[in-house]
Amino acid sequence: MIMRPPGHSGKAKKGHICFDASFETGNLGRVDLISEFEYDLFIRPDTCNPRLRLWFNFTVDNVKAEQRVVFNIVNISKSTNLFRNGMTPLVKSSSRSRWQRIPRGQVFYYKSAQHQNHYVLSFAFSFDREEDVYQFALTYPYSYSRYLAHLDNLCGSKLTCTKRETLATSVQKRKIELITINSNLDEAQDRSRKVVVVLARIHPGESPSSFVCQGLMDFLVSSHPIAQVLRNYVVFKIVPMLNPDGVFLGNYRSTVMGADLNRSWNKISEWLHPALMAVKPLLKNLDKNSRTPLDCVLDLHAHMNATGIFVYGNTYDDVYRYERHIVLPKLLAQHAEDYEIGNTMYNQDPHKAGTARRYLCSILKEHVNCYSIEVSMYGYNRKATPGIFPYTEEAYYRLGRNLARVFMEYYKLMGVIPAGLPDQPSSKRTRQSRPRYRVLRDPRPKNSRKPAPIHLASIHE
């Protein structure tokens, strides 16, 4: 979409900005030219669900050096969000591939009388390189292709602790993969193990959950002592992307058919919800297995209204069951500096009856704990320092590694993992790690040190 000023036609000149969102995870519906410097941008709604408009991801090309513009995103459907707390969009360019946040002084979120009193997100930007293609996004994108490439890298290596299988295919025939991570012990040495199921990316616009999931998987297959112990005593079943169609299309919450999967667990349709149709019997079969019983289900999400990482759990009439249920979130609070205890919530909200954590706890055995793990799309608060610190991709990966450490402590506390097993890399230097031969160094020249000059006048004063 090339935006030409009134009266111009034919071939676009430099400065006639070209907008593009026709790529994987892209989203931009319409652009209106307001003036030479100002553009109104309209987010394309989720497919078959026009009420949902929040995720945006688009590129800008054919700019002039030092060209200044103001972009107004005018049809955001979720007015209460982290833009009120200082969140800003991300930007990168073809010559600078690292995502950066637009400075807060250039971003404004306000009610606009010119747009029927709807909230508008406006940001000013100056293009500094004509040859670059600039990309703007709500938060760090994580595409379906990136997900497949990571699984190829994770399971295509010579690792014996991973197993990859296609659980189902989506409505548009994209793969919904299941990754199993555990140690490859001989059957004679095998022991009864607990099973942890991790679900991610049920909402396509919540891309931080994919980074957390990747951080968890990368850590679990590593040679770290905690990962080795966990693989020996726990089986991890991970579904990294439940909604690949929505991710590919650039939707915010919906599938290609407009369904919110995390409100559909209690009304699963074989045609509308193939992912849920495949995951539900998997969980029930694991729950019936006495040798490797299902113990925990984590549903990873990203939150647009709150900061930090926190947990949504359930409440139970059985006090002992509830006390067991809150152990894992308390351990997470101890291991994650960005944990927000004030956002953590346990409830039986009837409006959330179709979510994974509410529905699954009603069909699985009482000892199975189901949680929604929520991480902010923006940042977190540090206890001793005021202000919100924005998350980076590496910070999301670190959250996944922290989840693995929490499972280590949790299963030690539950008696599944014996106490005393190593949980840190050995700091001892073995004989093999020492150099076999002494490295010869050139002798230091004798005149390398010169005597400092002495100021005699200052001595006699």
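Rules and cut-offs
- Residues numbered from 1 in each chain as written.
- Predicted model: local features only at pLDDT ≥ 70, side-chain atom pairs only at ≥ 80, totals over all residues.
- Heavy atoms only, no water.
- UniProt positions renumbered as here; feature names shortened; annotations may be inferred.
- Helix = DSSP H or I, 4+ residues; strand = E, 2+ residues; numbered from the N terminus.
- Buried < 20%, exposed > 50% of the residue type's maximum accessible area, 1.4 Å probe, protein only.
- Contact = heavy atoms within 4.5 Å.
- Salt bridge = Lys/Arg side-chain N within 4 Å of Asp/Glu carboxyl O.
- Pairing = 2+ DSSP bridges.
- Axes fitted to C-alpha atoms, helices over the stretch in contact; angles between N-to-C directions.
- Phe/Tyr/Trp six-rings, centres within 6.5 Å; stacked < 30°, edge-to-face > 60°.

Asker: What is the right way to read the UniProt feature "active site" (unreviewed entry) in the protein chain from this model?
Answerer: Sequence positions flagged by UniProt for "active site" (unreviewed entry) are, in local numbering, Glu-374. Checked against the element boundaries, Glu-374 lands in strand S18 (residues 369-376). A residue is classified by how much of its surface remains accessible, and Glu-374, at 7% relative accessible area, is buried. When near neighbours in sequence (up to four residues on either side) are disregarded, Glu-374 contacts His-301, Ala-302, His-303, Gly-308, Ile-309, Phe-310 and Tyr-312.

Asker: What exactly am I supposed to notice about the pattern of salt bridges here?
Answerer: Pairing of side chains with opposite charge becomes possible as their charged atoms draw close. Taken as a whole, this structure holds ten salt bridges when the rule is applied. In this structure, Glu-177 engages Arg-164 in a salt bridge whose closest nitrogen and oxygen atoms are separated by 3.1 Å. Of this pair, Glu-177 sits in strand S12 (residues 175-181) while Arg-164 sits in strand S11 (residues 162-169), placing them 13 residues apart in sequence. Residue classification places Glu-177 among the buried residues on the basis of a relative accessible area of 2%. The partly exposed category is assigned to Arg-164, whose relative accessible area is 28%. For the salt bridge of Arg-253 with Asp-260, the shortest nitrogen-to-oxygen distance reads 3.0 Å. Just as Arg-253 is buried, Asp-260 falls in that class too. Salt bridges here are not isolated pairs; linked through shared partners, they connect Arg-96, Asp-128 and Asp-132.

Asker: Any chance you could explain the sheet that holds S18 here in plain terms?
Answerer: Note on sheets: strands pair through backbone hydrogen bonds, and any given pair is parallel or antiparallel. The eight strands are arranged S11-S12-S14-S13-S15-S18-S16-S17 in an open sheet whose pairing can be described as mixed. The open sheet terminates on both sides in strands that have one partner only, identified here as S11 and strand S17 (345-347). Across the sheet, the mean angle from the axis of one strand to that of its neighbour is 20 degrees, orientation sign disregarded. Bridge analysis of strand S15 (residues 294-303) against S18 gives eight bridges, and the strand direction is parallel.

Asker: When you look at the pairing of strand S5 (residues 67-73) in this model, what are you seeing that I'm missing?
Answerer: In terms of burial, S5 is largely enclosed, as five of its seven residues are buried. Summarising the sheet, strand S3 (residues 38-42) and S5 pair through four bridges and their orientation is parallel. Within the sheet, the bridge partner assigned to Asp-40 lies in S5 and is Asn-72. As judged from the seven bridges shared by S5 and strand S9 (residues 118-127), these two strands associate in the antiparallel manner. Bridge pairing in S9 places Val-70 opposite Ala-124.

Asker: Looking at this structure, how should I read the packing of aromatic side chains?
Answerer: Describing an aromatic ring pair means giving the distance of the ring centres and the angle of the ring planes. Following the criterion strictly, the structure yields 30 aromatic pairs and no others. Seen in terms of ring centroids, Phe-71 and Phe-123 are 5.7 Å apart; in terms of plane orientation they differ by 85 degrees. Their pairing is edge-to-face. With Phe-71 in strand S5 and Phe-123 in strand S9, this residue pair connects regions lying 52 residues apart in the sequence. In terms of burial, Phe-71 and Phe-123 fall into one category: buried. Considering the side-chain rings of Phe-125 and Phe-127, the 5.2 Å spacing of their centres and the 65 degrees angle between planes classify their relative orientation as edge-to-face. As far as burial versus exposure is concerned, Phe-125 and Phe-127 are alike and both buried. One aromatic cluster is present, formed by Phe-19, Tyr-39, Phe-56, Phe-58, Phe-71, Phe-123, Phe-125, Phe-127, Tyr-134 and Phe-136 through successive ring pairs.

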